[in-house]
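# Examination of the molecular architecture
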Amino acid sequence: MNVLVINAGSSSLKFQLLDTTTRKVYAKGNCERIGIDGSFIGYNVNDGDKQKLEVALPDHKTAVKHVFDILAEAGFDTDKIEGIGHRVVQGGWYFPESKVVTDETLGWVREVAPLAPLHNYAEADVIEICREMFPSIGNVIVADSSFHYNIPEKAWRYALPRDVVDKLHIRKYGAHGTSHRYIWRSTKAFLGDDVHKLVSCHLGSGASLSAIEDGHELDTTMGLTPLDGLIMGTRCGTIDPATVCYLVREGGYTIDEVDTMMNKQSGLLALSGVSSDSRDIEEGANKGDANCQMAMDMFYYRTSQLVAEMAQSMHGFDTMAFSAGIGENSVTMRMGVAKELEWLGVKLDPEKNKVRSDEPRVISADDSKIKVLVVPTNEELMIALDVEALLSK
Ligand code: ADP
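### Looking at the packing of helix 6 (residues 177-191) against helix 15 (residues 379-391)
Where helix 6 meets helix 15, the axes come as close as 9 Å, and the angle between the chain directions of the two elements is 90°. Considering their axes alone, helix 6 and helix 15 lie roughly perpendicular with respect to each other. Every residue of helix 15 that contacts helix 6 at Thr178, Ser179, Arg181, Tyr182 and Arg185 is listed here: Glu379, Leu381, Met382, Ile383, Leu385 and Asp386. Of the residues contributing to the contact of helix 6 with helix 15, the split by class is five nonpolar, two polar and four charged.

### Concerning the packing of aromatic side chains
Across all of its chains, the model carries five aromatic pairs by this definition. Geometrically, the ring pair formed by tryptophan 93 and tyrosine 94 is tilted, given 5.5 Å between the ring centres and 35° between the ring planes. Accessibility expressed as a relative area gives 24% for tryptophan 93, which makes it partly exposed. Every member of this aromatic cluster is reached through a ring pair, and the members are Trp93, Tyr94, Phe95 and Trp108. One Lys or Arg, lysine 52, reaches over the ring of phenylalanine 40 and ends 4.5 Å from the middle of that ring. Against the face of tyrosine 149 rests arginine 171, its NZ or CZ located 5.7 Å from the ring centre.

### Considerations on unusual backbone geometry
Its identity as a non-glycine residue notwithstanding, histidine 176 has a phi of 60°, on the positive side. Take histidine 176: it is sitting in the loop between helix 5 (162-168) and helix 6. With phi around 70°, alanine 324 is a residue other than glycine that occupies positive phi space. Counting through the fold element by element, alanine 324 comes out in helix 12 (residues 324-329). The exposure class of alanine 324 is buried, given its relative accessible area of 7%.

### Side note on the pairing of strand 11 (residues 216-220)
Where strand 10 (residues 207-213) and strand 11 come together, four bridges link them in antiparallel fashion. Bridge pairing in strand 11 links glutamate 213 to histidine 216. The antiparallel hairpin formed by strand 10 and strand 11 contains two residues in its connecting segment, where aspartate 214 sits at a positive phi of about 45°.

### Some remarks on the pattern of salt bridges
Side-chain pairs of opposite charge can arise whenever the charged atoms involved come near each other. Applying the stated rule across the entire model yields 15 salt bridges. Sharing partners across several salt bridges, the network here consists of Arg110, Asp125 and Glu128.

### Describing the environment of asparagine 46
Secondary-structure assignment places asparagine 46 in the loop between strand 4 (40-45) and strand 5 (51-54). On the basis of relative accessibility, which here comes to 39%, the residue asparagine 46 falls in the partly exposed class. Between the C-alpha atoms of asparagine 46 and arginine 171, which are 125 residues apart in sequence, the distance is 43 Å. Beyond its immediate sequence surroundings of up to four residues, asparagine 46 is in contact with Tyr26 and Ala74. Polar contacts involving the side chain of asparagine 46 include one to the main-chain carbonyl oxygen of alanine 74, which spans 3.2 Å.

### Comments concerning the site of the ligand
Taken together, the neighbourhood of the ligand is formed by Gly204, Ser205, Gly206, Ser276, Asp277, Ser278, Arg279, Ala324, Gly325, Ile326, Asn329 and Ser330. A distance of 2.8 Å separates an oxygen atom of the ligand from a polar atom in the side chain of serine 205. With respect to the ligand, the side chain of aspartate 277 contributes an N or O atom lying 2.3 Å from an oxygen atom. Protein chains bury 66% of the 570 Å² of accessible surface belonging to the ligand in isolation. Those elements that place two or more of their residues in the shell around the ligand are helix 10 (278-286) and helix 12. The biggest single contributor to the shell around the ligand is helix 12, with four residues.

The rules behind the values
Residues numbered from 1 in each chain as written. Predicted model: local features only at pLDDT ≥ 70, side-chain atom pairs only at ≥ 80, totals over all residues. Heavy atoms only, no water. Axes fitted to C-alpha atoms, helices over the stretch in contact; angles between N-to-C directions. Helix = DSSP H or I, 4+ residues; strand = E, 2+ residues; numbered from the N terminus. Parallel < 35°, antiparallel > 145°, perpendicular 65-115°, else oblique. Contact = heavy atoms within 4.5 Å. Nonpolar A, V, L, I, M, F, W, Y, C, P; charged D, E, K, R; others polar. Phe/Tyr/Trp six-rings, centres within 6.5 Å; stacked < 30°, edge-to-face > 60°. Buried < 20%, exposed > 50% of the residue type's maximum accessible area, 1.4 Å probe, protein only. Lys NZ or Arg CZ within 6 Å of the ring centre and 35° of its normal. Pairing = 2+ DSSP bridges. Salt bridge = Lys/Arg side-chain N within 4 Å of Asp/Glu carboxyl O. Polar contact = N/O pair within 3.5 Å; in protein donor to acceptor, adjacent residues only side chain to side chain. Near = heavy atom within 4 Å. Areas by Shrake-Rupley, 256 points an atom, 1.4 Å probe, with all protein chains shown as cover.

Structure follows, in structure tokens:
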């Protein structure tokens, strides 16, 4: 099935057209700076070179129109597109699994939007635009939070007053669920009966871990929002929650300033003082920059601590999978995390760790108690497979 996958943000819209059977990607790109001066679309079609279309994108509707023009250029008129999959960041309490778009399901995306205002409103708008512009194509909602929906109550409940959490729907929702689901699937396909208890490590500019036992998740590191858990590119991850009150009361920051600080000005960027990009930080550390080295040491420390936490929720683990930008590419960061976990039986083979490939691969030593893999994630494919499953029913 030819599926268009759309990942809309407040000022961007990423897209990919792929065939679920051959897994071939026919077109992909990103509409950037929607609603802002200097908007453009970076894309490529049919394995061609990357192109840049500088074009006014006053709103998401204009962006969607341009995306369909690009698809037509790739040889895909609307009648050749068999479904559209929409990534939705927050499914709240309505999406234990992916669902076909109807008035009701679209309403749910908006209803839970206060939990992820920067994403859900734009996503809902784009779903509506696609329905209006291309009524013959089916649309599917794939929520990032779905995979985490059925973790045990002791894992998702917050120890806050019940009336408050009930009224405001406060709980651990998690994020990156589509990626963790794909990582499990890919690891299982690769290892067969050798994997039961997997710690899935999605380490990109956003980063989270997931404890998955025989396909069912038991816990994850992100919480009510994607700010919780690991130290990320620009996000602080878990800190004492009273820090927020302290910053407001004693620091004189507004709540919006604290929100921006914790989401956009913290994490590896704040620690290194150089960049949120792990490549720049590794380079800085190699040149002797002490702050960059501390950023990396803290990343290893926190990541390994939370890997142990995920393992605890499964009472053990047999496999660990590194994925996303850092997990798939950084030989140094993988080794740094693994070294912290040596006491738990994690041991990498330095040569295998250096291998570059787009395929899943084992990087642990033969005598490692825990099998360690690099498993490239593919959220778009996972979304497209859901679209196929739901629309071909
Ligand atoms: P997101 O999709 O959340 O924006 P990615 O999964 O693309 O993030 O990951 C981005 C992170 O991956 C950045 O910190 C970047 O430095 C890191 N990364 C990407 N490629 C490499 C590489 N070749 N070596 C080291 N780190 C890399």
